[in-house]
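# Chains, contacts and geometry: an overview
The primary structure of each chain is shown beneath.
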Amino acid sequence: MPQESTVSLDTLLAELDEMGKEEFGSKPTVEEWDDDFDVTELPIEARKWIQIPDVVAVVADLKNSTHLGTGKHAASTASIYQAATGGTVSIYNRFGADFIAIQGDGAFALFWGDKRYERALCSGITVKTFSSLHLVPRLENKWETHAEDFPTGFKVGVASGRVLVKRIGTPRNLSEQEPVWAGTPVNFATKAAQQAERHELIVTGSVWDHIERNDYLTLTCPCNGGPSASLWDDVTVAKIPESNSEREGRLLSASWCTVHGDEYVSAVLDGLKKRDDAEDARAALRKKLFANALSVTAQQKRRDARNRRIGLK
Ligand SMILES: [Zn+2]
C-alpha cells in the first residue's frame with residue numbers, strides 16, 4: 001500500500017475511460033520508416049506510429065528459471081542470471097542488434113535494415129553455442145545436484161515480419177517509457193523459443209525462406225562426415241494459429257563447430273552464401289525440402305503473401 005492512500009479509483013477509471021474515448025475517436029497516424037529511423041527519438045505524446053516492413057526478432061528463454069531460488073540459493077541464482085542474461089545481451093550487441101530488451105528470464109533483440117537475417121541468425125546460434133558449450137557446463141560443474149534436478153540452458157526462437165512501433169508510458173519520465181513493438185515477430189519468436197528444448201533454436205517460416213539458400217547456415221561443415229543436409233529438422237510451432245503459414249518452421253540442434261564456426265560467422269556476415277564443398281549436400285537438402293508437402297504448401301502461401309504486399313498480384 002502507498003504511505004498515503006490518495007488513489008481515487010472512480011476518478012482514475014473515469015480519466016482512463018476519457019483517454020480511451022479520445023484515442024478511439026480519431027485514428028493515429030502511421031508513418032513508413034526511413035533509413036534514419038532512431039528508436040530513442042520515437043514520439044511519446046504525438047499519436048504517431050512508425051511502420052517497419054520487415055523486422056527479425058530473436059528471443060532467448062532460460063529453461064527452468066522458475067526453479068532458481070531467491071532464498072537460500074540467492075547468490076547462485078544471481079550469478080546465473082548475470083552470466084546468462086549479461087552474456088546474451090553482449091552477443092546481441094556484438095552482432096549489431098538494432099534494439100535489445102531484457103524480458104523475463106532472457107533477452108530479445110530486433111534487427112532491421114541491411115543483413116538483418118544474417119545478423120539475427122548469427123546471434124541466435126551464438127547464444128545457443130554459448131549456452132551449451134560454455135554457460136551450462138560451467139554451471140553444472142558448480143551446482144551439480146541442482147542442475148541435475150532442473151537442467152537449464154537457453155532456448156532460442158527467431159521470427160520476422162512487419163511491426164508498428166511507438167514509445168508508450170509516462171511523458172517526461174524516461175524510466176516509465178518503453179517502445180511497444182506491435183505485430184507478430186516478437187510474439188512468434190517467443191512462442192518458438194518456448195517450444196524449443198534447451199540448446200535448440202527454432203525459426204518460423206519466413207526466416208527459413210530467407211536463409212534456405214545459404215550453405216553456411218543450412219548445411220553441416222566438413223567435420224564428422226559432412227557436409228550434409230541433416231542440420232535442420234521440420235517443426236510446427238504449435239502455438240502459432242493454424243491459419244498462419246509462419247507456424248511451419250525449422251529446428252536446429254547443433255551449435256557452431258569449434259573448428260569452422262569462426263570462419264562461417266565471418267562468411268555469413270560478409271554476405272557469402274555458396275560453399276565450394278557443399279554441392280552434393282545442397283542437392284540433398286533441396287530434395288529433402290520438396291519431400292515435405294506440408295512445408296512446401298506453407299512456403300507457397302508465404303511467397304504469395306509477400307508478392308501481394310509488394311504489389312505483384
Ligand atoms: Zn567443423
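Residues numbered from 1 in each chain as written. Predicted model: local features only at pLDDT ≥ 70, side-chain atom pairs only at ≥ 80, totals over all residues. Heavy atoms only, no water.

## Structural notes on the nonpolar core
- By size, the foremost hydrophobic cluster in this structure holds 47 residues, and its most contacted members are Tyr-92, Leu-121, Val-158, Leu-201, Val-203 and Trp-232.
- If you tally residues by element for this core, the top one is helix 3 (residues 116–142), at 8 residues.
- The next biggest cluster of nonpolar side chains, apart from the first, holds 28 residues, and it includes Val-39, Val-165, Trp-181 and Ile-202. (Core = buried A, V, L, I, M, F, W, Y, C linked by side-chain atoms within 4.5 Å. Buried < 20%, exposed > 50% of the residue type's maximum accessible area, 1.4 Å probe, protein only. Helix = DSSP H or I, 4+ residues; strand = E, 2+ residues; numbered from the N terminus.)

## Points about the pattern of salt bridges
- Evaluation of the coordinates by the stated rule reveals 13 salt bridges.
- Here Lys-63 makes a salt bridge to Glu-197, at a shortest N to O gap of 3.4 Å. Here Lys-63 is found in the loop between strand 2 (48–62) and helix 2 (74–94), whereas its partner Glu-197 is found in the loop between helix 5 (184–195) and strand 7 (201–203), with 134 residues between them in sequence.
- By relative accessible area, which is 40% here, Glu-197 ends up partly exposed.
- One salt bridge connects Asp-209 with Arg-306, and the closest N-O pair in it is separated by 3.1 Å. Pair noted here: Asp-209 is in helix 6 (residues 205–211) and Arg-306 is in helix 10 (residues 293–309), with a separation of 97 residues, a long-range link.
- By relative accessible area, which is 15% here, Asp-209 ends up buried.
- The class of Arg-306 is partly exposed, set by a relative accessible area of 23%. (Salt bridge = Lys/Arg side-chain N within 4 Å of Asp/Glu carboxyl O.)

## Section: helix 10
- Over its 17 residues, helix 10 extends 25 Å from the first C-alpha to the last, a length consistent with the 24 Å expected when each residue adds 1.5 Å.
- Buried residues along helix 10 sit in contact with helix 6, strand 8 (232–236), strand 9 (248–252) and helix 9 (279–290).
- Near the N-terminus of helix 10, the side chain that reaches the backbone nitrogen of Leu-294, with its oxygen 3.1 Å away, is that of Asn-292. (Expected span 1.5 Å × (residues − 1). Contact = heavy atoms within 4.5 Å. Polar contact = N/O pair within 3.5 Å; in protein donor to acceptor, adjacent residues only side chain to side chain.)

## Considering the packing of aromatic side chains
- Under the counting rule described, the total for this entry stands at 7 aromatic pairs.
- Taking the centre distance of 5.0 Å and the plane angle of 55 degrees together, the rings of Phe-99 and Trp-181 count as tilted. Taken together, the residues Phe-99 in strand 3 (residues 99–103) and Trp-181 in strand 6 (residues 177–182) connect sequence positions 82 residues apart. Judged on exposure class, the residue Phe-99 and its partner Trp-181 are both buried. (Phe/Tyr/Trp six-rings, centres within 6.5 Å; stacked < 30°, edge-to-face > 60°.)

## Concerning the coordination of the zinc ion
- Donor atoms from the polypeptide that bind the zinc ion are Cys-221 (SG), Cys-223 (SG), Cys-257 (SG) and His-260 (ND1), placed at 2.2 to 2.4 Å.
- Viewed at the metal, the 4 donor atoms of the zinc ion are separated by angles of 97 to 115 degrees, and the geometry they form is tetrahedral.
- Sequence positions of the donors to the zinc ion reduce to the motif C-x1-C-x33-C-x2-H. With Cys-223 in the loop between helix 7 (215–218) and strand 8 and Cys-257 in the loop between strand 9 and helix 8 (261–269), the pair connects residues that are 34 residues apart, well separated along the chain. (Donors = N, O, S within 2.8 Å, 3.2 Å for Na, K, Ca; no water. Tetrahedral: all angles 85-135°; square planar, octahedral: opposite > 155°, others 65-115°.)

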